[in-house]
Amino acid sequence: MPQHTASRPLRWSLLAAPVAGVLILAGCSGGGDSGADSGDSADKGFTLMVAEANDADNYYEQLTDMYTKETGVPVEVIPYPSDAYNTQVTTQLQAGNAADVMILAPGTGQPISVVTLAEAGFLEPLDDTSAGIIPAGSEAQYTVDDKVYGQPTALAPVGLIYNSAGGEEVGIDEYPATYDDLLAACQTARDGGKTFTVLAGGVPFNTGLFAQLISATRVYEGTPDWNEQRAAGDVTFADSDGWQETLNDIVELNDTGCFQDGAAGGTFDNITAGIGGGTSLTAATPGSAAASIGGATGLDITVQAFPPADGQEPFTLASANYAWAINAKSDDAVKTSAQDFLDWAAQPEQAKTYADLAGYVPITGVTADDLLPSYAPIGDLLESGAYTGLPNASWPNPAVYDALGVGVQGLL
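What counts, and where the lines are drawn
- Residues numbered from 1 in each chain as written.
- Predicted model: local features only at pLDDT ≥ 70, side-chain atom pairs only at ≥ 80, totals over all residues.
- Heavy atoms only, no water.
- Pairing = 2+ DSSP bridges.
- Helix = DSSP H or I, 4+ residues; strand = E, 2+ residues; numbered from the N terminus.
- Contact = heavy atoms within 4.5 Å.
- Axes fitted to C-alpha atoms, helices over the stretch in contact; angles between N-to-C directions.
- Patch = residues over 30% accessible without salt bridge, like charges linked within 9 Å, V, L, I, M, F, W, Y side chains within 5 Å.
- Areas by Shrake-Rupley, 256 points an atom, 1.4 Å probe, with all protein chains shown as cover.
- Salt bridge = Lys/Arg side-chain N within 4 Å of Asp/Glu carboxyl O.
- Lys, Arg positive; Asp, Glu negative; His and termini not counted.
- Charge placed at Lys NZ, Arg CZ, Asp CG, Glu CD.
- Parallel < 35°, antiparallel > 145°, perpendicular 65-115°, else oblique.
- Left-handed = near helix turned anticlockwise from the far one by under 90°.
- Nonpolar A, V, L, I, M, F, W, Y, C, P; charged D, E, K, R; others polar.
- Buried < 20%, exposed > 50% of the residue type's maximum accessible area, 1.4 Å probe, protein only.
- Disulfide = S-S within 2.5 Å.
- 1 Å grid on protein atoms, 1.4 Å probe; cavity = no way out; pocket = protein on both sides within 12 Å on 5 of 7 lines; lining within 4 Å.
- Points joined across faces, edges and corners; volume = space filled by probe spheres on them.
- Phe/Tyr/Trp six-rings, centres within 6.5 Å; stacked < 30°, edge-to-face > 60°.
- Lys NZ or Arg CZ within 6 Å of the ring centre and 35° of its normal.

**Here's the deal with the sheet that holds strand β1 (residues 46-52)**
Thought 1: The five strands lie next to each other as β2-β1-β3-β12-β6, forming an open sheet whose pairing is mixed. Each of the sheet's edge strands pairs with one partner strand only, and the pair in question is β2 (75-81) and β6 (151-152).
Thought 2: The pairing of strand β3 (residues 101-104) with strand β12 (residues 323-326) spans four bridges and is antiparallel. Note that in β12 the partner of L104 across the bridge is A323.
Thought 3: In the packing of helix α1 (residues 59-71) onto the sheet, the strands contacted are β1, β2, β3 and β12, and the crossing angle to β2 comes to about 175°.

**Some details on a negative patch on the surface**
Thought 1: The grouping of E168, D173, E174, D180, D181, E252, D255 and D310 at the surface amounts to a negative patch.
Thought 2: Contributions of two or more residues to the negative patch are made by α6 (179-191) and α9 (241-256).
Thought 3: Relative to the elements of secondary structure, D310 occurs in the loop between β10 (301-304) and β11 (316-319).

**Concerning the packing of α9 against helix α15 (residues 398-411)**
Thought 1: Direction vectors running N to C along α9 and α15 enclose 40°, while the axes themselves pass 10 Å from each other. Accordingly, the angle class assigned to the pair α9 and α15 is oblique. Read as a crossing pair, α9 and α15 show a hand that is right-handed. Contact with α9, carried on its side by W243, L247, I250, V251 and N254, involves L404, V408 and L411 of α15 and no other residues of that element.
Thought 2: Residue composition of the contact of α9 with α15, grouped by class: seven nonpolar, one polar and no charged.

**Overview of the pairing of β2**
Thought 1: Most of β2 is tucked away: five of the seven residues are buried.
Thought 2: As defined by bridge partners, β1 adjoins β2 across seven bridges and the pair is classed as parallel. Paired with L48 across the strands is V77, a residue of β2.

**A look at the state of the cysteines**
Thought 1: Counting across every chain of the model gives one disulfide.
Thought 2: A sulfur-sulfur separation of 2.0 Å characterises the disulfide bridge that pairs C186 with C258. With the S-S dihedral at roughly 110°, the linkage between C186 and C258 falls on the right-handed side. Residue C186 is located in helix α6, and its partner C258 is located in the loop between α9 and α10 (268-277); the two are separated by 72 residues in the primary sequence.
Thought 3: By relative accessible area, C186 is classed as buried at 0%.

**Topic: the environment of V75**
Thought 1: Along the chain, V75 falls in strand β2.
Thought 2: For the pair V75 and D65, spaced ten residues apart in the sequence, the C-alpha separation amounts to 7.7 Å.
Thought 3: What V75 contacts, discounting residues up to four positions off in sequence, is F46, L48, T64, Y67 and T68.

**Remarks on empty space enclosed by the protein**
Gaps left between atoms are located by rolling a probe of water-molecule size over the structure's atoms.
Thought 1: Enumeration according to the criterion identifies two cavities of 30 Å³ or more in this entry.
Thought 2: The volume enclosed by the largest cavity comes to roughly 50 Å³.
Thought 3: Residue lining of the largest cavity: L63, I133, Q151, P152, T153, W324, A345, A346, A351, Y354 and I363, and that is the complete set.
Thought 4: Elements with a minimum of two residues in the lining of the largest cavity: β6 and α13 (348-358).
Thought 5: The class makeup of the residues in the lining of the largest cavity is nine nonpolar, two polar and no charged.
Thought 6: A volume near 40 Å³ is recorded for the second largest cavity.
Thought 7: Lining the second largest cavity are L160, L182, C186, F196, T197, F210, L253, C258, F259 and F306.

**Observations concerning the layout of surface pockets**
Thought 1: Approximately 960 Å³ is the volume found for the largest pocket.
Thought 2: G137, S138, Q141, G389 and S394 are the residues nearest the centre of the largest pocket, which is lined by 44 residues in total.
Thought 3: Top contributing element to the lining of the largest pocket by residue count: helix α8 (residues 226-231), with four residues.
Thought 4: For the lining of the largest pocket, the per-class residue count stands at 24 nonpolar, 16 polar and four charged.

**Quick look at the packing of aromatic side chains**
Here a ring pair, both rings aromatic, is described through the centre-centre distance and the interplanar angle of the planes.
Thought 1: For the coordinates displayed, the defined rule picks out 26 aromatic pairs.
Thought 2: Measuring from ring centre to ring centre gives 5.9 Å for Y59 and Y354, while their planes differ by 80°; the resulting arrangement is edge-to-face. On the criterion of sequence distance, the pair formed by Y59 in helix α1 and Y354 in helix α13 is long-range, its members being 295 residues apart. Take Y59 and Y354: they sit in the same class, and that class is buried.
Thought 3: Between Y67 and F341 the ring centres are 5.0 Å apart and the planes differ by 75°, which places this aromatic pair in the edge-to-face class. With Y67 in helix α1 and F341 in helix α12 (residues 332-345), the pair connects residues that are 274 residues apart, well separated along the chain.
Thought 4: These aromatic residues form a ring-pair network of at least three members: F46, Y59, Y60, Y67, Y322, W324, F341, W344, Y354 and Y360.
Thought 5: Lying across the ring of Y179, R218 places its NZ or CZ 5.1 Å from the centre.

**Structural notes on the pattern of salt bridges**
Thought 1: A full pass over the atoms with the stated rule returns seven salt bridges.
Thought 2: Salt-bridge contacts for D356 lead to K352; the nearest nitrogen and oxygen are separated by 2.7 Å. Linking D356 with K352, this pair stays in helix α13, spanning four residues, or about one helical turn.
Thought 3: Overlapping salt bridges bring together E124, D332 and K335 as one network.

Shown next, in the form of structure tokens:
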């Protein structure tokens with residue numbers, strides 16, 4: 001992937017990768033090619049396909065290297081560009097030549113979601129260890145007919161990543177505590193030659209993500225079961241006061257000058273350049289981008305919740321947005337070996353190692369004083385459970401999220 005002078009590209013991975021792209025690589029040595037092989041699973045290697053935004057996003061390789069050194073089991077990690085990954089996974093699964101293990105998204109909200117692919121017969125059921133680390137209340141995002149098909153990798157907060165030093169340069173001494181404070185900060189940033197938020201307005205995945213971030217307080221803080229009500233037909237987006245407030249806020253933010261000029265055509269490169277180059281103070285991204293940009297630029301980038309409006313309590317987004325899954329077409333010995341690896345990765349020590357390497361939060365045992373420094377502003381929210389998972393993970397199909405993202409583009 002091309003490098004930028006200001007910083008490395010962000011770790012968008014599955015969460016913010018457009019469902020499009022040319023097939024970059026041919027089929028890999030995965031499930032379709034291993035059926036003739038057999039033997040003791042104790043030393044049976046396997047392949048793992050992952051999305052990587054750049055060469056620095058090698059935390060899967062680091063984790064599997066640790067496993068190989070400890071067990072002697074070889075693991076071949078096959079990286080694909082983030083913007084082509086979804087297409088790679090679905091195409092190779094349909095062709096029967098996908099890797100033995102792959103990184104997917106929970107639920108049904110994306111083409112590579114666990115439930116969607118499990119219902120199509122592409123995934124292997126997992127064991128009780130995998131089931132045991134699924135966050136309470138999100139079991140349906142990994143389960144089909146009482147069988148578990150995905151193992152969450154880590155808890156991934158989503159928020160506005162914030163460059164506090166850039167804020168101080170224009171007279172913003174602290175992150176806005178309320179929505180009204182945010183609107184005032186937008187004007188202060190403009191007066192100082194910056195914009196408060198850089199938005200990839202031309203990319204529905206980012207506009208949809210931004211809307212979901214606002215909805216954390218506008219919708220889910222007061223109505224945590226809103227998705228269940230919608231599934232039952234009791235509420236709709238159009239008739240929801242919370243979703244109307246969310247979209248009206250986006251219009252107001254745009255009219256107030258909170259976004260960069262030309263935001264409607266913005267791309268992920270604008271986010272990278274805006275935050276890394278100091279021309280914008282915040283962006284709606286996976287929380288791991290804070291560590292990625294901070295490490296590349298030396299900036300103190302933190303993850304913040306979107307400010308609540310009057311009468312609302314602070315609330316944010318954090319969910320297990322990524323999951324290990326095993327290819328149903330792989331050789332039985334390979335599948336056993338892959339499950340052994342997943343059992344190893346589920347242990348607290350390995351879970352924390354992965355989270356720290358990837359810039360996330362451990363899937364179990366979250367405490368505010370044991371997180372990466374970039375998560376300090378939302379540490380208490382994470383420890384107390386004042387968060388909800390990404391809403392689109394439990395929406396019935398990807399079209400709902402696409403419609404939200406495109407709708408926000410229209411508002412811009």
